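Understanding the architecture of this molecule
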Amino acid sequence: MARPVTLFTGQFADLPLATLAQKANEWGYDGLELACWGDHFEIDKALETDSYVREKRDLLEQHNLICVAISTHLVGQCVCDHPIDGRHQGIIPSRIWGDGDAEGVRQRAAAEIADSARAAKLFGIDMVNGFTGSKHWHTVAMFPPVPAEMIEDGYQDFADRWNPIMDVFDENGVKFGLEVHPSEIAYDVWTTHRALDAIGRREAFGINFDPSHLYWQMVDPVEFIYEFPDRIYHMHVKESIRVLNGRNSILSSHLPFGDRRRGWDFVSPGRGGVPFERVFRALNDIGYKGPFSVEWEDNNMNREQGAPEAAAYVRRLDLTPSDVAFEAAFSSNV
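Report follows, based on the coordinates. (Residues numbered from 1 in each chain as written. Predicted model: local features only at pLDDT ≥ 70, side-chain atom pairs only at ≥ 80, totals over all residues. Heavy atoms only, no water.)

**What to know about the overall build of the protein chain**
Of the regular secondary structure elements, the protein chain holds 13 helices and 10 strands. Here the C-alpha atoms of the protein chain give a radius of gyration of 20 Å, agreeing with the 20 Å that 2.2 N^0.38 yields for 334 residues. For the protein chain, the spread of C-alpha atoms along the principal axes amounts to about 70 × 55 × 40 Å. Of the contacts made within the protein chain by residues no fewer than 6 positions apart, 77% connect residues no fewer than 24 positions apart. Within the structure as shown, the protein chain displays about 15,100 Å² of accessible surface, and the carbon and sulfur contribution to it stands at 52%. Side chains of the protein chain give 32 positive and 51 negative charges; the mean places of these two sets differ by 3 Å. (Helix = DSSP H or I, 4+ residues; strand = E, 2+ residues; numbered from the N terminus. Rg over C-alpha atoms; globule rule 2.2 N^0.38 Å. Contact = heavy atoms within 4.5 Å. Areas by Shrake-Rupley, 256 points an atom, 1.4 Å probe, with all protein chains shown as cover. Lys, Arg positive; Asp, Glu negative; His and termini not counted. Charge placed at Lys NZ, Arg CZ, Asp CG, Glu CD.)

**Details of the nonpolar core**
Within the largest apolar cluster, 92 residues are counted, with the highest numbers of intra-cluster contacts made by Tyr29, Phe41, Trp162, Phe169, Met235 and Phe280. No other element matches helix α7 (residues 102-123), which puts 9 residues into this core. Setting aside its immediate chain neighbours within four residues, phenylalanine 169 contacts Ile113, Ser116, Ala117, Val128, Val174, Lys175, Phe176 and Ala204. (Core = buried A, V, L, I, M, F, W, Y, C linked by side-chain atoms within 4.5 Å. Buried < 20%, exposed > 50% of the residue type's maximum accessible area, 1.4 Å probe, protein only.)

**As for the layout of surface pockets**
Taken as a whole, the largest pocket holds about 1,000 Å³ of empty space. Lining the largest pocket are 33 residues, with Phe131, His181, Pro182, Ser183 and Phe257 positioned closest to its centre. Those elements giving two or more residues to the lining of the largest pocket turn out to be α4 (73-80), α5 (86-89), α10 (211-216) and β9 (264-267). Considered class by class, the residues forming the lining of the largest pocket number 12 nonpolar, 12 polar and 9 charged. Within this model, the second largest pocket holds a volume of roughly 480 Å³. For the second largest pocket, the lining is made up of 16 residues, of which Trp137, Trp216, Ile250, Leu251 and Ser252 are closest to its centre. Residues that form the lining of the second largest pocket fall into these classes: 11 nonpolar, 4 polar and 1 charged. (1 Å grid on protein atoms, 1.4 Å probe; cavity = no way out; pocket = protein on both sides within 12 Å on 5 of 7 lines; lining within 4 Å. Points joined across faces, edges and corners; volume = space filled by probe spheres on them. Nonpolar A, V, L, I, M, F, W, Y, C, P; charged D, E, K, R; others polar.)

**A word on helix α8 (residues 148-172)**
Helix length check: α8 (25 residues) gives 36 Å between terminal C-alpha atoms against 36 Å at 1.5 Å per residue, within 8%. The largest bend in α8 is about 30 degrees, located at tryptophan 162, with the proline proline 164 one to four residues further on. Taken from the residues just after α8, glycine 173 is the one with a positive phi, measuring 65 degrees. (Expected span 1.5 Å × (residues − 1). Bend = angle between axes of the 7 residues up to and from the residue.)

**Regarding the packing of α7 against α8**
Where α7 meets α8, the axes come as close as 8 Å, and the angle between the chain directions of the two elements is 15 degrees. Overall, the two elements α7 and α8 adopt an arrangement that is roughly parallel. Pair α7 / α8 crosses with right-handed handedness. Here Glu103, Arg106, Ala110, Ile113, Ala114, Ser116, Ala117, Arg118 and Lys121 of α7 lie close against α8, whose contacting residues are Arg161, Trp162, Ile165, Val168, Phe169, Glu171 and Asn172. Split into classes, the residues belonging to the contact of α7 with α8 amount to 8 nonpolar, 2 polar and 6 charged. (Axes fitted to C-alpha atoms, helices over the stretch in contact; angles between N-to-C directions. Parallel < 35°, antiparallel > 145°, perpendicular 65-115°, else oblique. Left-handed = near helix turned anticlockwise from the far one by under 90°.)

As structure tokens, then:
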């Protein structure tokens with residue numbers, strides 16, 4: 001039951017899609033999860049002309065690649081985030097930023113995510129991944145003391161902004177996968193439950209499962225899989241490592257990725273601590289049939305080495321569930 005191994009293009013958006021598609025094929029990937037930035041997949045252009053999505057599909061087919069998902073992380077972050085500031089301006093299109101008025105940015109971002117469902121349908125796929133942002137993430141240290149009402153207001157804000165977006169997803173037969181991640185409305189087991197409850201556990205809103213963000217928080221990604229078996233719609237193969245040597249902090253000391261003084265970091269799949277074999281077995285247990293999409297990040301490794309290595313690593317660990325118990329061979333009736 002080998003599942004497709006795809007490459008998320010977000011960390012390669014500095015390359016034209018035509019260049020990356022050729023490389024991905026040479027690196028051994030079956031397809032691409034297209035980021036909605038760079039020239040990889042532009043939502044506004046997809047809705048402007050039929051030829052845009054046809055040309056994207058033709059390009060992928062030329063390199064024997066499939067696409068089952070597009071991803072909207074950067075714009076999606078702006079839907080609920082507080083505050084909206086220069087960090088956001090640096091990662092979103094100028095048409096979404098506009099004059100920088102925070103509420104205007106949020107509303108334009110929400111409209112873009114709704115449009116991503118329409119674009120996905122035109123492209124012939126039914127999966128969009130991304131972030132939501134969070135009105136109350138900035139309170140995570142819980143000091144100054146945070147009233148319970150402030151946290152509840154954050155979940156209500158999320159529901160108020162994302163339910164109308166999910167209405168559009170329903171209309172187009174598309175699902176959204178939130179990448180559970182610090183800085184989002186859901187970042188661990190308990191906040192995922194609260195976010196799902198806030199949005200009424202509607203079917204259109206699920207999870208893009210990424211074990212790297214759970215592992216560095218010291219949450220077992222396997223337990224997460226079993227906690228949300230019906231909500232894992234897509235999966236990122238992304239790796240992290242903890243370096244808690246008595247000096248390094250899990251909060252990472254405001255240091256950039258790749259700095260040895262961080263308490264955790266992203267590394268190439270197979271070179272960190274995520275228990276990927278257990279993860280893949282658990283995904284088999286819950287009947288996950290989607291792709292294994294490699295999200296490759298490692299500031300201390302060349303991506304031309306890391307990306308093909310990651311594809312080979314995933315193929316080695318993927319396993320087809322057995323249809324017979326090995327102990328059946330011991331039966332006297334055999």
